[in-house]
Amino acid sequence: MSERYDVVVIGGGHNGLVHAAYLARAGKKVLVLERRHILGGAAITEEVLPGFRFSVASYVVSLLRPEIIRELELPRHGLEILPLDGTFTPMDNGDYLWRVNDHAKTRREIARHSKVDAEAYEEYGKAMVEMGRFVKPILSMTPPDPTSLDPRGLWELLKIGRRFQKLRPEDQQNQIQLMTMSAVDFLDRWFETDVLKATMAASGIIGTFLGVRSPGTAYVVLHHYMGEIDGAFRSWGFARGGTGSISEAIAAAAREAGAEIRTEAPIAQIRVRAGRATGVVLESGEEIDAAVVSSSVDPRLTFLKMIGRKELPDDFVEDLERYKFRGSSGKVNLALDGLPEFRSLPGAGRHLRGAISISPSIEYMERAYDDAKYGRFSRRPYMDVVIPSLTDPSIAPPGKHVMSCFVQYAPYHLKEGRWDDQREAFGDAVIDALAMHAPNIRNHILHRQVLTPLDIERIFGLTEGNIFQGELTLEQLFFLRPAPGWAQYRTPIRGLYMCGAATHPGGGIMGAPGRNAASVLLGDSRGRRA
Amino acid sequence: MSRAGRRDVVIVGAGVNGLVAAGLLAKAGLRPLVLERRAVVGGTAVTEEFHPGFRASTVASTAGPILPAIERELDLRRHGFDPIRPAVRVFAPSADGHALLLFEDPSRTAAELAAFSKKDAERFSQFHASLSRIGAILTPLLSMTPPRIDRPGGGDVLRFGRLGRAFRALPKRDAWRLLRWGPMAVADFAAEWFESEPLRAVISARGVAGCFAGPWSAGTTANLLLAAAGDPHSGGPGGFVRGGMGKLSDALAAEQDPEFLSNVSNLRSTGTAAMLHFALSGLPDFRALSGKDAAGALAGRIHIGTEVDEIERAYDAAKYGDLSPRPYCEATIPSLWDPGLAPAGGHVLSVRAQYAPFALKNAIWTDRRKELESAVVRLLSEHAPNLESLIVGSRVLAPPDLEATYGMTGGHIHHLEHSLDQLFTMRPLLGWARYRTPIGRLYLCGSGTHPGGGMTGANGANAAREIVRDGRRRT
């Protein structure tokens, strides 16, 4: 108990674990404290029903930075990514759109809807690769402070500017439009097929309280486009054994490097003496001393719950209070004793092995958002559905399946009523919307787990149920994330760092915040900064 | 045909920006010729008779404000330009018979707000100060040719440097605000400052004026900041012109010799604002003003829409290609301070109604003008029940009419949507934001260029400067 750690990391989510692994590898004595009995934060696998292993929250992986996979040797620690092939979108008119990883096949499929779009798809793909290439280096960068006179920060900004100048004019135009336009406006420039635009725009709203027509969503499309597995751009996959395997692999890497990890160790308070973090106090009353505390939980919990206003500058508190969470999504996990049969493409074909996107038209997507704007869950929600047990039979009993539905919109703040009374109605809306396309689904449900944004907050400690620890909107990105002037993983409390998704470059199973924060922390401890 | 002989510059369109460009080019010693398709100069800044004896500023009702430098240089006041600033900037009645008033004098506004929320009253002076500071550093942007960011030259670096210096001179808090605010939804922006819904609604409305966006659309705060660059006043635009907007155009045209020709080509855009003008036999009685100085309260902009979500719902309809059943309306009664616009005792009520999209999904506009008019009358009557009995004539200008009459493609009052991807160095296109075009010696000087619509005249002045500069380079 009197043991003193170099760094105590708050939260055993994937970012906290990545952070701890890098610190331990650099020789720090590190302790990770996790509130729950299970590691991984929102990246977990749980056996909700005997034999059925649900990736309860986060369900696909693509964004995890390749340098992290490499440096932490995650495959050696048990990480295996299985491919998720394509996206199947059933339409209301009985047709469908089915894009797969096989490029030629996808082209033929799109040509069935529009020849022009099939051509444009090629161009679009190339343009997005260029855009991704421009943005990627920014992901592993500590955001500079544009209001400071620190020449290093200015130099960083200048470097981005110079790289921008080197882009071809059409890529410059794309880049600016990508940062400012709505997903639909952006896609309108390339495509005419409504269902194609609706499905592609869908990745622009994930985790935000925005509609496909809201400016700013084009960037979120790119954010989700940057995933890579084995260097293949824009491919998504499952972790064998469920998403929790990713966290377990990272945890194993951290332990091997010497990090200590404790579960069921909820923190009551971050101890602050004279403006400096000196350790943490657990809910059990146990005190742990540390030279540095690094928090991977969101800033509202870190500062307003675990520290308190009186230790913090007023401006900072004000900024934290207006940092926007407002979760907008829910999750419905199903245990099935049979596969859904889609009206538009019957049979248990390969289309069930990829993502099934319930995004039949732009208007459908936008109307789903309108519901949320006025404080109700979408009556006809957008859904991203996967059946991982088709690819990884180990997660369900033989002949049975696990189905995961990511659902938007489900606003945390309901205008009328409370989530505890509307959970089942929300679950029903999800099943109804699915049954419109696959009517037999109702007969196969053995068990249904419905997570409202309130549940996501309660279970995972994600404030207001926001899956990214705060919206990915332009005013909350890069040097503005999570608060102006505090985007460099440091905080107004000396010896306290942030390393979660609320810091640059944001959420998703990316690991970049944890890794970036580790490099800042290590730099500071080497004395580059007091 | 060659009556005028060879001119140095031919300007297509005698709107405010065309006229400003012509005026400044003439001052620089060039011989410009302005060609206007219609029989009246001014483009959207015109005063027209819409009903016998009743005249209104048919499209734009508030005057920019026109940049002071342009006003001075072209000596507009000598030519009859007489701007008016009523003491009340905004009057916003709510359904319960209350009203929110924003005054020219911010301390009066703060006192007024105390009735809604003590906290808001206190915040208002901070809001006014912060917006004034930020507006002040944005003002020079209006009269600046956007630097090239695609292939910057030495001059561009210098211009960027100047921008950077002005930015750094801001208090740190304001500098961060400026960076954060641009991309935000104006509804979020208003909510950050204030808690009372009517005030939030009035502020939000500034971010969507003329735009195909609702208050919850990200980036709408940029539109508010753009307006604040021209007039950083916390109450929003508040300048009018005696005799209507046409007087501004007349003053600009005073020393010129416009000719009537055809062919104006504009940029692509989709308008969602309709203009409605009503000839009234008397002043409507607003319930919220019974027993008060009605003429004073109604002299500024009348904002109809008590809740942010009301405005957002009005926008929803437009997204799906339909008319808003309850549009967001901004009205003015210019005859209050300019009795000459209407016969004795009569009044002119001009309304900008949003949202009325250019392209309707399952209908054509000819069938819908009456419907829009009834919706607007019904909405205003909720606040001024005797309105309908006062109407003696009306004119509806839907976006297709704005296109047909004033030559704005899509009927968009700003020519091109004011959205983040179409402002500053991207307006109208990245690489062509410097008033020049791919055609040598063809320039753009209208609202489709930086700094966009809004009657500042800055587009025309900036383009004229570039034309003169290029001319010098050639000689």
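All residue numbers refer to position in the chain's written sequence, counted from 1. Chain letters start at A and ligand numbers start at 1, both assigned in the order the entries are written. Note on the predicted model: pLDDT of at least 70 is required for a residue's local features to be given, and 80 or more for side-chain atom pairs to be given and counted; whole-chain, interface and lining totals, by contrast, use all residues. Hydrogens and water molecules were not included; the side-chain quantities draw on all heavy atoms of the structure.

A. Spotlight on the overall build of chain A. Numbering goes from the N terminus for both helices and strands, where a helix is a DSSP run of H or I of at least four residues and a strand is a run of E of at least two. A count of helical and extended segments in chain A gives 16 helices and 20 strands. Its C-alpha atoms give chain A a radius of gyration of 23 Å, near enough to 24 Å, the size a compact globule of 530 residues would have. Over its C-alpha atoms, taken along the principal directions, chain A stretches across nearly 65 × 55 × 50 Å. Counting only residues that meet the buried cut, chain A has 66% of its 530 residues in that class. Only the C-alpha atoms count toward the radius of gyration. The rule for a globule is 2.2 Å times the residue count to the power 0.38. Between buried and exposed lies partly exposed: a residue is buried under 20% and exposed over 50% of the maximum accessible area for its type, with that area taken using a 1.4 Å probe on protein chains only.

B. Region of interest: the environment of A:G216. All names here are of chain A. Within the secondary structure layout, G216 lies in the loop between α8 (194-202) and α9 (217-225). Sequence separation of G216 and Q177 is 39 residues, and the distance between their C-alpha atoms is 9.2 Å. Here, two residues are considered to be in contact whenever any of their heavy atoms come within 4.5 Å of each other. Those residues in contact with G216 that sit more than four places away from it in its chain are T180, M181 and S182.

C. Representation of the domain arrangement of chain A within the structure. All names here are of chain A. Segment limits for the domains were obtained from an automatic or database-derived domain assignment. What the domain assignment reports for chain A is domain 1 (4-44 + 61-80 + 242-323 + 469-525), domain 2 (103-109 + 119-231) and domain 3 (325-460). Averaged C-alpha coordinates put domain 2 and domain 3 at centres separated by 27 Å. A combined buried area of about 1500 Å² lies between domain 2 and domain 3, and 64% of that area is made up of carbon and sulfur atoms. The rule for a salt bridge is simple: a side-chain nitrogen of Lys or Arg has to be within 4 Å of a carboxyl oxygen of Asp or Glu. Along the contact surface separating domain 2 from domain 3 lie zero salt bridges. Within 3.5 Å is the distance limit for a polar contact, defined as a pair of N or O atoms, with the added protein rule that one can donate a hydrogen and the other accept it, and that residues adjacent in sequence qualify only through two side-chain atoms. One can count eight residue pairs in polar contact (both at pLDDT 80 or more) joining domain 2 with domain 3. Two parts placed together each lose some accessible area; with a 1.4 Å probe, that loss summed over both constitutes the buried area.

D. Main features of the pairing of strand β1 (residues 4-10) of chain A. All names here are of chain A. Most of β1 sits inside the fold, with five of its seven residues counted as buried. At least two bridges found by DSSP between two strands are what make those strands a pair. Relative to strand β14 (residues 287-295), β1 is paired through six bridges, and the arrangement is parallel. Counted as the bridge partner of V9 is S294 from β14. One ladder, built from four bridges, connects β1 with strand β2 (residues 30-33); its direction is parallel. Paired with V8 across the bridge in β2 is L31. Place the viewer so that the strands point away; then a crossover is right-handed whenever the path from the first strand over the helix to the second strand goes clockwise. Regarding topology, helix α1 (residues 14-25) serves as the crossover connection from β1 to the parallel β2, and that connection is right-handed.

E. Representation of the packing of α1(A) against helix α10 (residues 244-256) of chain A in the model. All names here are of chain A. A fitted line through C-alpha atoms represents every axis, and for helices the fit uses only the stretch in contact; the resulting angles, taken between N-to-C directions, go from 0 to 180 degrees. Contact geometry of α1 with α10 gives a least axis separation of 8 Å together with a crossing angle of 20°. Judged by the angle between their axes, α1 and α10 are roughly parallel. Like other packed secondary-structure pairs, α1 and α10 cross with a definite hand, here left-handed. Contact with α1, carried on its side by H14, L17, V18, A21 and A24, involves S247, I250, A251 and A254 of α10 and no other residues of that element. Every angle not falling under 35 degrees, over 145, or within 65 to 115 is termed oblique; those three ranges are roughly parallel, roughly antiparallel and roughly perpendicular. Crossing chirality is assigned from the near helix's rotation relative to the far helix, an anticlockwise turn below a right angle marking it left-handed and a clockwise turn marking it right-handed.

F. Fine view of the sheet that holds strand β15 (residues 329-336) of chain A. Residue and element names in this part refer to chain A. Pairing in this open sheet of seven strands is mixed, and the strands run β7-β6-β16-β17-β18-β15-β19 from one edge to the other. In this open sheet, the two edge strands, each paired with only one partner strand, are β7 (96-99) and β19 (445-451). Strand-to-strand twist across the sheet, computed as the mean angle between neighbouring axes with direction ignored, equals 20°. Judged from the two bridges that link them, strand β6 (residues 87-90) and strand β16 (residues 355-358) form a sheet pairing that is parallel.

G. Examining the nonpolar core more closely. Formed by 184 residues in total, the largest nonpolar core has its most connected members in A:Y124, A:F191, A:M383, A:M403, B:F189 and B:L248. Looking at this core element by element, the count peaks at 11 residues for helix α4 (residues 115-139) of chain A. Grouped together as the second largest cluster of nonpolar side chains are 38 residues, A:V9, A:L17, A:Y22 and A:A259 included. Working definition of a nonpolar core: buried Ala, Val, Leu, Ile, Met, Phe, Trp, Tyr and Cys residues. They are joined through side-chain atoms within 4.5 Å.

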